[in-house]
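# Descriptive structure summary
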Amino acid sequence: MRRSYPANVKLIRVPCTGRVDEVHFLKAFEQGIDGVYVAGCLEGECHFLRGNLRAKKRVGHVKRILTALGINPERLQMYNLSAAMGGRFVEIAQEMTEKVRALGPSPVKTGQGREFIEEQGEGKKR
Amino acid sequence: MAGKRKREAGGAKKVGAVLVVGGGIGGMQASLDLANAGYKVYVVERSTAIGGRMAQLDKTFPTNDCSMCTLSPKLIEVDKHLSIDIITNAEVESLEGEPGNFQVRVSKQPRFIDLEECNGCGDCMEVCPVALPSEFEEGLADRKAVFKAYPQATPNAVAISKLNRPPCVLTCPANVNCQGYVALIAAGKFKEALDLIRERNPLPSVCGRICHHPCEAVCNRGEIDEPVAINPLKRFVADYMRVHPSEEEEEKPVIDPAKPRVAIVGAGPAGLTAARGLALLGYPVTIFEALPGAGGMLLAGVPPYRMPKDILGHDIEKILKLGIELRTNVRIGKDLSLEDLRRDGYQAIFLGVGLQRSMNLPIAGMDFEGVLWGIEFLRSVNLGKEVRIAPRVAVIGGGNTAIDAARTAARMGAEEVLLLYRRTRVEMPASFEEVEAAEAEGVTLHFLVDPVRIMGEGGKVKGIECRKMRLGEPDESGRKRPIPIEGSEFLIEAGSVIVAIGQAPDLAWAEDVGLQLTAQGTLPVDPLTLETAVKGVFAGGDIVLGPRYAIEAIAQGHEAAISINRYLRGDDLRADREKKEMEPALAPEREFERQPRAKTSKLPVRERRGNFHEVELTISEQEAVAEAKRCLNCGLCSECLQCVAACGAQAIDHYMLPEEIVLDVGAVILTPGYEPFDPRLKGGYGYGRFDNVITGMEFERILSASGPYQGHVHRPSDGQEPKKVAWIQCVGSRDVTVGRDYCSSVCCMYATKEAIMAIDHVPGLEATIFYNDIRAHGKGFEYYYESAKNNYGVRYRRGIISTITEDPKTKNLRLRYLADNGRIKEEKFNLVVLSTGLVPSPGTKELAERLEIGLDRFGFAATGSFLPNRSSQPGIYAAGVFEKPMDIPETVMGASSAAALAMEELADVRGTMVVEKQYPPERDVKDEEPRVGVFVCRCGTNIARVVDVPSVAEYSKTLPNVVYAEENIYTCSTDTQARIINAIKEHGVNRVVVASCTPRTHEPLFQDTLREAGLNKYLFEMANIRDQCSWVHATHPQEATEKAKDLVRMAAANAALLEPLERQRISIRKRALVIGGGLAGMTAALSFAEQGFEVSLVEREVELGGNMRHIHYALSGQDPQAFLQELIGKVMAHPSIQVITNAEVVDHEGIQGNFSTGVMIAPAMTYRRVEHGVAVLATGGEEYKPTEYLYGQHPRVITQMELEGRIARGELDPKELGRVVMIQCVGARTKERPSCSRICCAIAIKNALKLKELVPDLDIHVLYRDIRTYGLLEQYYTRARGQGVSFTRYLPERRPKVQGADERVTIKVWDDALRRNLIIEADLLVLSAAIIPGENEELAAMFKVQRTLEGAYLEVHMKLRPVDFAREGLYMCGLAHAPKLMDETISQAQAAVARAATLLAKDEIEVGGVVARVDSELCAACLICVRACPYAVPVICQDGYSVIDPAKCQGCGNCAAECPQRAIQLQHYRDVQLIAKVTALAQEQMNAI
């Protein structure tokens, strides 16, 4: 289909999204990557049964860690789509790019401290 | 030939190779099974690519899997398999020999592409100017004449569609490639168009003006509206390029002064063409011309208002620029003789001197002043000499010279110009347009007038005495002969008389040198070589042909150049020059919209007087492109050769010829497939007339994301999204009027799928399916159908629409049907999809004739009852829709079954024809520093056009550990593989990165290259800079290049960490275990044994036979019990089969290839272990015991199986019965058991027909929901209706009610057609009870195999792996998989054996590679991996740590990600590797700050 999507999206191939570990996400953010998303199979259609659900769980967990670190958890997302959904792939790439662009460079990179404060959590502390 | 020798020497020596005809999914499956089981396979495919119909489908039912996604890995596997040869564009011509040893002749049509060289990059497709309707897209989109059938087409190479040459090209005397340049003009490629014209016509500007264009007269477009304006297009492109000269690629002189010199006498079109042709071959050429300028008649004869002299000069200048010397004002015969030329070193001479004198008119008075000669008059005027004419001019003659003279005279100021011709307008040789123009310019035409003498006064012309003529009989020229009318003399006054009645040569010297002229005044030559009577002297043009057109002289110039070149080289002048008569291509058979031809504009008549301004004007660029698009591309490929220029791999060869291949094979499998029924044969549907009536296959393409509308559901007429769509079922199925009284088996489900997908694409879309019976008879189909109704709101309306009408304004379609209230209702739809049936492929009949195999009356293969997949000829097998209409899994099963039959035939020669590739020993790289080599691919221009490949390659060299980098035109080409191997050896490279396309298709190729170089194949990494850079960022080359660098950096970082991975070899236990001794199990056991494998057959009961023991007669008329007894006999007697009856399986362990199963044998309860490599589970099914309709409570209520048994055993006398009622779907299609039992309809009809046979007037009522006599079973349904069996449909929500009396039962049922209750009293009520799986729960648990909710074995993939369990090495067949007919059971059992044989045929298998590995030191035995693994592979060993068997691990890595200790790493995707990639990616970002 060769449909165009933003060039800032780069792919890392894994056999199953269930292979992706929390440390991989965290390393990415630590190195200054502005956004990460996981593109897994549609829910219920994992070739390895539950790999994409495991990935989803981990994404959720890392989002909480990011929050605690003051990094906007929106920078990490999980999407589900099939190999036949080229159009959706493009949409996601655009959506994620716009999202991250709106957030600006990662605070890890800029060194400007917390960009995100979880209101409830922080509020309690105060 | 090898085959013949073998036969002579060893009689019937078998050949371990199989021919598969047809490369659809059936052919692919058979090929893979055979190749994986040790046979050489040749796949012969008619089209340019394998993949068949399945490749065209969008999704597949009932799982909605993407069809291409599931097919594409198989395509790659077939493509890469060393034992499979794909032969495309090919057909089987003949077959000789005997089973085990056939010789097959295969004819292969030229593809025009060298498959070895083509990389499928598609650069040629970009430049091809010819668009043709894409077959793959069902004509909804275009493809090019050079094309790939679809993106994933296998072999991954283009092909060219070419027919005969088009009539325009064949008719052109010089064979100028008209279709080619017209196509290039249509594509806006003007320079390329002109270059193409010049190859055959060096005077394009000239011919674009004065050519008589016979091409247009034969143009096939003329049959539709008007011929394409070929000549004005040529003129346009020549003029356009003259005004927009292109600097690039100007033809450069290639003259070689050392070559022999050639003299050309005469600078007319023949001489110029010959000179150009010879100059391009390097010969020094000199043209001698008598006139002061070049052009011959074009210069001296054609007046400037037809062709301005500067334009002639332009064309000639281009020719002379090739280094040709022109010497003007030299008259051969006067200034120089031929002998002089020879003496001056000219070794060959071409005479193209033309006919330079006017023919004499033998009448009195020709010497009066004022009498002029046409040719001489024009020459003088055209060369600018002063010529005086009187105010009143008479021209004598009717040819082009006469017209030119008349129109010239008119421009020179003559007040009156008369043209005298002795016949009528019809006979005039001058072209029609010229005569018309002359008249418009005021020339008066006088017909049937013959000059008798010229009258003069004072030595000057005064007039012409003429006489009138009449036309007589036609003369030898075919024109009517003019006959003088006696006494009709009269005088025409004129001050000037121009005589233009013909041309004559000016060759007084010819005879002196031995050149004798003919009576007609021409020079005789050899018609083939153009050589004159004098050796080394050639001639062409008017001097040879007589007065003719420029293009004919050009044609002779080409031939002369060929002859002279051969003459000078000493070659045979005549070899291969005989012109073959070629049939011109016909107009393509499809609809074209009428579109008028471009009109050329002319200078207004009033502006023509007194000047020589050009009259005809050039068409505009816009007009030209539009006009060029009218071309029908009759020859398909236009041979414009743009592809040749674009192909970096030099893979294109337009001169490829058909080939014949002879193959030696032991067996043949035919899977030629089907085509969709052509709905034009059912005219009432308006297909082809109404834009929005389409076929199911067209809708598949519309739905497909890669289809013509990128997956957006548009209707063809206006591109709007349809809101209401109707499907009409049984178009070309169940229809005796078109000779298709069978059911196509798949349409109900594909329509259901299409309706679901349409709703998915267009929320709110209303889908209605008009049907006869919904045939959801396959596994999981009924559930799918229910889900379409209930979850998607698909409306199913019973009743078939016979006619469709169109609202011409909205293009909506009106359908009329019988509504629930019994009235006719009309409803409008935006789009109607015709569910067209399956028809044997075109050519199937001829194929069958050539192979002498039988077909049934529909054209399907005639296979015998209980002999599925066997054709009528031994050794030739059939599968797929060629056998009968069926869906994909049945096709796959049939194909595997046919493969099994071939394996049985060729059991002794397994493994004899396959070559295992030998690799050098692997180099140990453990102690080496990582040394990475990077190969960056240009992919022709596919990558390089966007990504700056050289800079990526340069950049690669700067990366850590990279010791070598280079760019390649095609990294996948054979020569680059050699370069990679060389780099590994020369530069000590021990990790390889290829930056090119997708690992999905190309990783195996490169990994193989590494192995050839002695490196472990896992030391390889790919960066996909095509799919992920150049293709998707085509408009942002800068960003694409940067991203390509990022991807290479990531790949190189990972590469440095790659480790060689070991694959363990495990030996295979060559024994099969078959569980279940029914028809399925016994068939499987026998097939294993016939293939030479040992088998253990375990049966729970005391005797073999299973359910088949209860089947006493068959619809086909065959005797099942006789067959069964024979089968049992064979099984019991076979030495390789160990039959274990009265036995239960009690335990099971092991992995594929190494299973061990325990059996307990009654009555002594002895325990036995079976060690086996594979197992087939054929545990059967049983008839459901009904609880409804008084079954078990009333003696007159029985099941179908009981009825059959009672009839067979004579326990029931049908004569005592008055009326029998059968109720269908008992225990099936219910909430509790949603499946359809598939075969109960056929069984009911079988029993009804049996009863009718015994008592013809017996009253039989069948109460049904849908009659599901799919495929060829439909014929029995028709027969039953014909014999008076009555069928009444009941609604599931209003099931029949049964009441019992003593000897009778009363059935009350709502008849929805009659809309009233029927009350039927019956002597016997027969229940068509569901077929359910036999007891298998424990066994399934033991073997760890999955089952459906209803307890049937669950295959790993519904479509493509229908007999495989998810656990490798285990296979299923028979009723335990799903209800099926006996033939289907046999086919499936054989299929299971073929699949198992792919494993058993090997001595060992490789396991490991990309698998998870546990570090026992780190493992805390927390059991998390045990729970995370989807396949229950990890186990905690006795020493207290987790162990993952590499043979079982599927490499998903879920355990590795879950392991809290990081004790598990997934090889090839280790944490350090993924983190290295992330780090490398982030590097640039951090640097950017």
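Residues numbered from 1 in each chain as written. Chains lettered and ligands numbered in written order. Predicted model: local features only at pLDDT ≥ 70, side-chain atom pairs only at ≥ 80, totals over all residues. Heavy atoms only, no water.

### Structural notes on the overall build of chain A
Going by this rule: A run of H or I in DSSP becomes a helix once it reaches four residues, and a run of E becomes a strand once it reaches two; helices and strands are each numbered from the N terminus. The globule rule used for comparison is 2.2 Å times the number of residues to the exponent 0.38, while the radius of gyration itself is calculated over C-alpha atoms. His is not counted, nor are the chain ends, whereas Lys and Arg count as positive and Asp and Glu as negative. Positions of charges follow a simple convention, taking NZ of Lys, CZ of Arg, CG of Asp or CD of Glu.
Counting its secondary structure elements, chain A contains 5 helices and 2 strands. Each helix and strand of chain A, ordered N terminal to C terminal, gives the series α-β-α-β-α-α-α. Here the C-alpha radius of gyration of chain A, 15 Å, is about what a compact globule of 126 residues would show, namely 14 Å. For chain A, the spread of C-alpha atoms along the principal axes amounts to about 50 × 30 × 25 Å. Taking the average location of the 22 positive side-chain charges in chain A and that of its 14 negative ones, the two points are 4 Å from each other.

### Notes on the sheet that holds strand β33 (residues 766-771) of chain B
Residue and element names in this part refer to chain B. Keep this limit in mind: A strand pair is defined by DSSP finding two or more bridges across the two strands. Convention adopted: a line fitted to C-alpha atoms gives each axis, helices being fitted over their contacting stretch, and angles between N-to-C directions are expressed from 0 to 180 degrees.
Spatial ordering of the open sheet is given by β31-β38-β32-β33-β34, a layout of 5 strands whose pairing is parallel. Two strands lie at the open edges of the sheet, namely β31 (693-695) and β34 (795-798), each paired on one side alone. Each strand of the sheet is rotated relative to its neighbour by a mean of 25°, with strand direction disregarded. Across 3 bridges, β31 lies against strand β38 (residues 831-836) in parallel orientation. Following the sheet pairing, T695 is matched in β38 by L834.

### Some details on the sheet that holds strand β51 (residues 1166-1172) of chain B
Residue and element names in this part refer to chain B. What the 3 strands build is an open sheet, ordered β49-β50-β51; its pairing is antiparallel. Looking at strand neighbours, the two that pair on one side only are β49 (1143-1151) and β51, the edges of this open sheet. Going from strand to strand, the sheet's axes swing by 20° on average, the running direction of each strand aside. Bridge count for strand β50 (residues 1154-1161) against β51 is 7 bridges, and the pairing is antiparallel. Paired with V1159 across the bridge in β51 is R1168.

### What about a negative patch on the surface?
Residues and elements named next belong to chain B. Where we set the bar: Patches here: salt-bridge-free residues with over 30% relative accessible area, like charges joined within 9 Å, nonpolar side chains (Val, Leu, Ile, Met, Phe, Trp, Tyr) joined within 5 Å. Values of accessible area rely on a 1.4 Å probe in the Shrake-Rupley scheme; residue burial ignores everything except the protein chains shown. We count a salt bridge whenever a side-chain nitrogen from Lys or Arg sits within 4 Å of a carboxyl oxygen from Asp or Glu. The cut-offs for exposure are 20% and 50% of the maximum accessible area for each residue type, with area from a 1.4 Å probe on protein chains only; residues under the lower value are buried, those over the upper are exposed, and the others partly exposed.
On the surface, E1182, E1335, E1337 and E1338 cluster together into a negatively charged patch. Tracing the chain through its elements places E1338 in helix α37 (residues 1337-1343). Of the residues examined, E1338 reaches a relative accessible area of 61% and is grouped as exposed.

### Concerning helix α32 (residues 1079-1090) of chain B
All names here are of chain B. What counts here: One fewer than the residue count of a helix, multiplied by 1.5 Å, yields its expected span.
With 12 residues, α32 should cover 16 Å at 1.5 Å per step; its first-to-last C-alpha distance of 16 Å lies within 8% of that length. With 11 of 12 residues buried, α32 lies mostly within the body of the structure. Considered for burial, the residues of α32 that qualify are L1079, A1080, G1081, M1082, T1083, A1084, A1085, L1086, S1087, F1088 and A1089. In the stretch just after α32, G1092 is the one whose phi turns positive, near 95°.

### Some words on the packing of aromatic side chains
All names here are of chain B. To be explicit about the condition: Side-chain rings of Phe, Tyr and Trp (the six-membered ring for Trp) are treated as a pair once their centres are within 6.5 Å; stacked means planes under 30 degrees apart, edge-to-face means over 60, and tilted covers the remaining angles. Ring-over charges, as used throughout, are those where CZ of Arg or NZ of Lys falls within 6 Å of the ring centre and within 35 degrees of the ring normal.
Going through the model one piece at a time under the given rule, you end up with 24 aromatic pairs over all chains. A centroid spacing of 5.6 Å and a plane angle of 45° characterise the contact between F236 and Y240, whose relative ring orientation is tilted. Highlighted residues: F236 and Y240, both in helix α10 (residues 230-243), separated by 4 residues, approximately one helical turn. Plain terms: the ring middles of Y1353 and F1365 are 5.2 Å apart, the flat faces sit at 75° to each other, and that makes the pair edge-to-face. Within this pair, whereas Y1353 is found in the loop between α37 and β63 (1370-1372), its partner F1365 is found in the loop between α37 and β63, the two being separated by 12 residues in sequence. A relative accessible area of 0% places Y1353 in the buried class. Three or more aromatic residues link up through ring pairs in this structure, and these residues are F190, F236 and Y240. Across the ring face of W1310, the terminal group of R1294 is positioned such that the distance to the ring centre comes to 4.1 Å.

### Points about the side chain of N1154 of chain B
Put simply, the rule is: In this analysis, two residues are considered to be in contact whenever any of their non-hydrogen atoms come within 4.5 Å of each other.
By the secondary structure assignment, N1154 of chain B is in strand β50. In contact with N1154 of chain B, not counting residues within four places along its chain, are I1066, S1067, R1069, E1149, H1172 and G1173 of chain B.

### Here's the deal with the interface of chain B and chain A
Our working rule: Accessible area that two parts lose when put together, with a 1.4 Å probe and added across both, is what the buried area reports. Nitrogen and oxygen atoms within 3.5 Å of one another constitute a polar contact, given that in protein one can donate a hydrogen and the other can accept it, and given that sequence-neighbouring residues count only through two side-chain atoms. Charged means Asp, Glu, Lys or Arg here, nonpolar means Ala, Val, Leu, Ile, Met, Phe, Trp, Tyr, Cys or Pro, and polar covers whatever is left, Gly included.
With 44 residues of chain B at the interface, the matching set in chain A holds 37 residues. Of the roughly 3800 Å² buried at the junction of chain B and chain A (both faces included), carbon and sulfur atoms supply 58%. A salt bridge links E1458 of chain B to R58 of chain A; the shortest N-O distance between them is 2.6 Å. Scanning the region where chain B abuts chain A turns up 12 residue pairs in polar contact (both at pLDDT 80 or more). Those elements giving two or more residues to the side of chain B that touches chain A turn out to be α29 (999-1012), α31 (1037-1057), α39 (1424-1428), α40 (1454-1458), β68 (1464-1466) and α41 (1471-1488) of chain B. A total of 10 residues in the side of chain B that touches chain A trace back to one element, the largest contributor, which is α41 of chain B. Class assignment of the residues belonging to the side of chain B that touches chain A gives a composition of 23 nonpolar, 11 polar and 10 charged.

### Digging into the side chain of S956 of chain B
All names here are of chain B. As for its position among the elements, S956 is in helix α27 (residues 949-957). A polar contact is formed between the side chain of S956 and the backbone oxygen of V952, at a distance of 2.7 Å. Not counting chain neighbours up to four residues away, the residues in contact with S956 comprise V934, V936, V962, A965 and V1048.

### Quick word on helix α38 (residues 1382-1400) of chain B
Side chains three or four residues apart in an α-helix point the same way, a direct result of the helix having 3.6 residues per turn. When the terminal C-alpha atoms of α38 of chain B are compared, their 26 Å separation across 19 residues agrees well with the 27 Å that a helix rising 1.5 Å per residue should span. Of all 19 residues that make up α38 of chain B, 18 are buried, and the element is covered over most of its length.

### A short note on the confidence of the model for chain B
Residues and elements named next belong to chain B. For the record, the criterion: Within a predicted model, pLDDT stands for the predictor's per-residue confidence, ranging from 0 to 100.
Per-residue confidence for chain B averages 93 on the pLDDT scale, and 99% of its residues sit at or above 70. Here residues 1-10 scores under 50 on pLDDT; set against residues more than four positions off or in separate chains, the count is 10 contacts. Predicted as a complex, the structure gets a pTM of 0.85 and an ipTM equal to 0.95.

### Notes on the environment of Q31 of chain A
For Q31 of chain A, the position within the fold is in the loop between α1 (22-30) and β1 (36-40). Its relative accessible area of 17% is what places Q31 of chain A among the buried residues. Taking C-alpha positions, Q31 of chain A is 12 Å from T110 of chain A, a pair spaced 79 residues apart along the chain. Within the local environment of Q31 of chain A, its side chain forms a polar contact with the side chain of T1479 of chain B, the two groups lying 3.0 Å apart.

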